[in-house]
Every structure is written in structure tokens, then in C-alpha cells.
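Inside the fold
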Amino acid sequence: MEYCHSPNHNVIVAVKVTATIKRAATEHVEDPPARILRRELLRVSSSTVIHMPEHSALIRAINRVRMAQLPQNPKTLQELLEIPDRHKVIHRNKVFLLYDNLDIGIEDKIIIFATTENLHRLAISEIWLMDGTFRVSFSLFTQVFIIHTIHNDYSVPMLYALLSNKRMESYR
């Protein structure tokens, strides 16, 4: 004897909502995962929510979908010469790539990322904190150099620089 039951409508809706959340993750990359979940789950009935994956699983799904869309890391500096325009800006098309000397035939390669708003905050800030991190650096560079300022008693990163060496000249 075969056991059959009719499909649970709420389970079907939960699967569709999960797919909608993943699609929103790719369409609204400027939104943090929690905002996407809030927006999408507000439209879902409580009888459907109980069939949804756990909150942490949905966050991981959003992050996996986004990671799958990222380009592969370049293996040589030559591959970095053509940085696509979409990687030079952040949300609302604010310029983020401020400087790069990749096309200049010098040995000391530098790429600097910051918004003009962040530069303004640095200009008016009385305190700058600087940190050179070597372990998390992108493989083609020796370090990530970060300049922070203090905002509401918190250290906030304002500028990121990828440096190809540790020489004093690179910091000037």
C-alpha cells in the first residue's frame, strides 16, 4: 500500500519565499542580509514562517549566493589592470576606488579605497588610527593598510590601502 498525502501549501510557499530571499540577495547587494530577511519575511504569514529555514541558515544562504557572484581573485597584477567599473563604486554608485598605480611601471603597487565622505571625515577628525595587517592581505599584496577615525566612541575604518611592500616610501 502506497502512502500519499496532499502537499502542504505553507511548505510550498516557504520554498518560494526562500527563493525570493536568495534573488533579493543578488538584486540588492547594498542591503545587509538582516534587512533583506526583515523585508521579505514581513510579507509571510506565521503559518508559513514555521516552515522556513532558521534565521541563521537564511543568512548563510544569502552570503553563499553573494559569494557565488563574486569574480575570482586575480592571480597576477596584470589581471588587475582592467578593474571593472562596477568594482570601483559602492552602494548608490559612490566612488570607492580612489587611486591605483597598477598601470605605472613601478615596483611599489598601491590601490586605495575610500569614499569622498570618508576623506572629509578624516580631514576634520582630530584622531587617526592606522593599522597595517599582513595576514589578511590579498595574495598579490603584502598588506592591507587601514586608516580609522573615532566616531561616537567607536573606531571606524575610513580608508583602505593595498600595498605591495613594507617599505617606508609606500606610506608617504
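Preceding this paragraph is the structure being described.
Described in the following lines is the structure provided in the data block. Quick caveat: nothing in here was measured; it's all calculated off a predicted structure.

The rules behind each value
- Residues numbered from 1 in each chain as written.
- Predicted model: local features only at pLDDT ≥ 70, side-chain atom pairs only at ≥ 80, totals over all residues.
- Heavy atoms only, no water.
- Pairing = 2+ DSSP bridges.
- Helix = DSSP H or I, 4+ residues; strand = E, 2+ residues; numbered from the N terminus.
- Expected span 1.5 Å × (residues − 1).
- Contact = heavy atoms within 4.5 Å.
- Salt bridge = Lys/Arg side-chain N within 4 Å of Asp/Glu carboxyl O.
- Buried < 20%, exposed > 50% of the residue type's maximum accessible area, 1.4 Å probe, protein only.

Describing the pairing of strand S4 (residues 110-113)
Sheet topology note: the strand S3 (residues 97-100)/S4 ladder contains three bridges and is antiparallel. Looking at the pairing, Tyr99 lines up with Ile112 of S4. Strand direction decides the pairing type here: S4 and strand S7 (residues 154-163), joined by four bridges, are antiparallel. Bridge pairing in S7 links Ile111 to Leu162.

A closer look at helix H4 (residues 55-69)
For H4, with 15 residues, the first-to-last C-alpha span of 22 Å sits near the 21 Å given by 1.5 Å per residue. On its buried side, H4 packs onto helix H1 (9-27) and helix H2 (33-41).

Focus on the pattern of salt bridges
Applying the stated criterion across every chain yields a total of four salt bridges. For Arg39, the salt bridge is made with Asp31, and the minimal N-O distance between the two is 2.9 Å. With a relative accessible area of 8%, Asp31 lands in the buried category. A salt bridge links Glu40 to Arg39; its shortest N-O distance comes to 3.7 Å. Three or more residues are tied together by salt bridges with common partners; here these are Asp31, Arg35, Arg39, Glu40 and Arg43.

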